[in-house]
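Topology and contacts: notes
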Amino acid sequence: MGLDWGPVLMSVVFFILLGPGVLFQLPAKSKAVEFGGFQTSGPSIVIHTLLFFAFITISLIALNIHIYAA
């Protein structure tokens, strides 16, 4: 059996998409949610870290995603 690339691929995708300010920022500087602002703040980093942990946990444990390479 080959290497399991599922966790690596899902982590990279979620890291890119859930970076504060890339797609959205929660909480934003002046509003609750801001889309495509490419700015960040301390509270935004904490919220996006918790979202990343929740999404990666759900995708790896509950959905049981595996990608095997030879």
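Thresholds applied
Numbering of residues starts from 1 in each chain and follows the order in which that chain's sequence is written. The model is predicted, so local features are restricted to residues of pLDDT at least 70 and side-chain atom pairs to those at 80 or more, both for listing and for counting; the totals for chains, interfaces and linings are taken over all residues. Heavy atoms throughout the structure, all of them, feed into the side-chain values; hydrogens and water do not. Elements are defined by DSSP. Helices are runs of H or I of four residues or more, strands are runs of E of two residues or more, and each kind is numbered from the N terminus. Radius of gyration: over C-alpha atoms. The globule rule applied is 2.2 Å multiplied by the number of residues raised to the 0.38 power. Only protein chains enter the accessibility calculation, which uses a 1.4 Å probe; a residue whose area is less than 20% of its type maximum is buried, one above 50% is exposed, and one in between is partly exposed. Any two residues whose heavy atoms approach within 4.5 Å are treated as being in contact. Helices are assigned an expected span. That span is 1.5 Å times one less than the residue count. The arc refers to the directions leading from the helix axis to the C-beta atoms.

Right, let's talk about the overall build of the chain for a bit. The number of helices and strands found in the chain is 2 helices and 4 strands. When the helices and strands of the chain are read in sequence order from the N terminus, they spell out β-α-β-β-α-β. Taking 2.2 N^0.38 as the reference for a compact globule, 70 residues should give roughly 11 Å; the C-alpha atoms of the chain span a radius of gyration of 15 Å, well beyond that estimate. Projecting the C-alpha coordinates of the chain onto the three principal axes gives extents of approximately 50 × 20 × 15 Å. Across the 70 residues of the chain, 20% fall into the buried class. By sequence separation, contacts in the chain at least 24 residues apart represent 50% of the contacts at least 6 residues apart.

A few words now on the side chain of Q25. Assignment of secondary structure puts Q25 in strand β2 (residues 24-25). Q25 sits in the buried class, given a relative accessible area of 1%. For Q25, the contacting residues outside a window of four places in its chain are A32, V33, E34, Q39, T40, S41, S44 and H48.

Its 12 residues give helix α1 (residues 6-17) an end-to-end C-alpha distance of 16 Å, which sits within 8% of 16 Å, the value for a rise of 1.5 Å per residue. Taken residue by residue, α1 has G6, M10 and F14 as its buried positions. End-on view of α1: buried residues confined to an arc of 45 degrees, all on one side of the axis. Opposite the buried face of α1, at more than 90 degrees from it, the exposed residues are F15 and I16.

Looking now at helix α2 (residues 42-62). In a regular helix each residue adds 1.5 Å, so 21 residues correspond to 30 Å; α2 covers 30 Å between its end C-alpha atoms and thus fits that length. Inspection of α2 places S44, H48, I56 and S59 among the buried residues, and these make up the whole buried set. Down the axis of α2, the buried side of the element spans an arc of 90 degrees, and every buried residue falls inside it. In α2, the exposed residues that point more than 90 degrees away from the buried face are P43, L50, F53, I61 and A62.

When you line up the elements, A69 lands in strand β4 (residues 68-69). Along the sequence, A69 and L9 sit 60 residues apart, while their C-alpha atoms lie 12 Å from each other. Discounting residues that sit within four places of it in the chain, A69 has contacts with G2, L3 and W5.

What follows deals with the side chain of S44. Mapping S44 onto the fold places it in helix α2. Once residues within four sequence positions are removed from consideration, S44 is found in contact with P20, Q25, L26 and P27.

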